[in-house]
Amino acid sequence: MTASEHPAHLAELNVATLLHPFDDERIAPFVELLNPINAAADEAPGFVWRLVEEGAADATGMRPAGEDVIVNLSVWETQEALWDFTYRSGHLEVMRRRREWFERHIESHMVLWWVPAGHVPSVAEALERLADLRANGPSPRAFTFTSSYTAAESVEVAAESAGAAAVV
């Protein structure tokens, strides 16, 4: 994990449902892009951490959301850093070609949330945030680029929730 001066970091999870098995030749162009894109992420300004399966270079072999669903879980210093990598780098080419490899999602497939610096989110935590977004819509607990919240707003909501729980 990269050291940071920010007290909170932005965690992101996105899930993608494969159109074909991962070892199918129609998915090969995506697989060929994985190492260069992951290397670019690792070197991107503001990158902190990404999920990697033990003994592998990425997390594509992990299937916690279903056998045909791949997950990407990462942490960034700021929302701007993640935005820049996602939409202003070579990663954009993958985004443009995603319909070649992945089903179109009807419900939310990406979620953002703030974590304390140094916290490594678990896959279970990430999937719970995605479920929260799907069930309740955007909130300081689970949001998207188009409906974002600041780290301060997230801390405030968490403190209010903790106070309410203490009263009960």
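Scroll up to find the structure this text is about.
Residues numbered from 1 in each chain as written. Predicted model: local features only at pLDDT ≥ 70, side-chain atom pairs only at ≥ 80, totals over all residues. Heavy atoms only, no water.

**Regarding the pairing of strand E3 (residues 69-76)**
In terms of burial, E3 is a largely internal element, seven of the eight residues being buried. Relative to E3, strand E1 (residues 8-17) runs antiparallel, the two being bridged by eight bridges. Paired with Ala16 across the two strands is Ile70, which belongs to E3. In this structure, strand E2 (residues 47-50) lies alongside E3, joined through three bridges in antiparallel fashion. Within E3, the position partnered with Trp49 by the bridge is Val75. (Buried < 20%, exposed > 50% of the residue type's maximum accessible area, 1.4 Å probe, protein only. Helix = DSSP H or I, 4+ residues; strand = E, 2+ residues; numbered from the N terminus. Pairing = 2+ DSSP bridges.)

**Some remarks on the pattern of salt bridges**
Under the criterion given, the structure shown has eight salt bridges. Arg129 is paired through a salt bridge with Glu128; the nearest N and O atoms lie 4.0 Å apart. Among the residues examined, Arg129 registers a relative accessible area of 14% and is labelled buried. A single network of salt bridges, built from pairs that share partners, joins Glu128, Arg129, Asp132 and Arg141. (Salt bridge = Lys/Arg side-chain N within 4 Å of Asp/Glu carboxyl O.)

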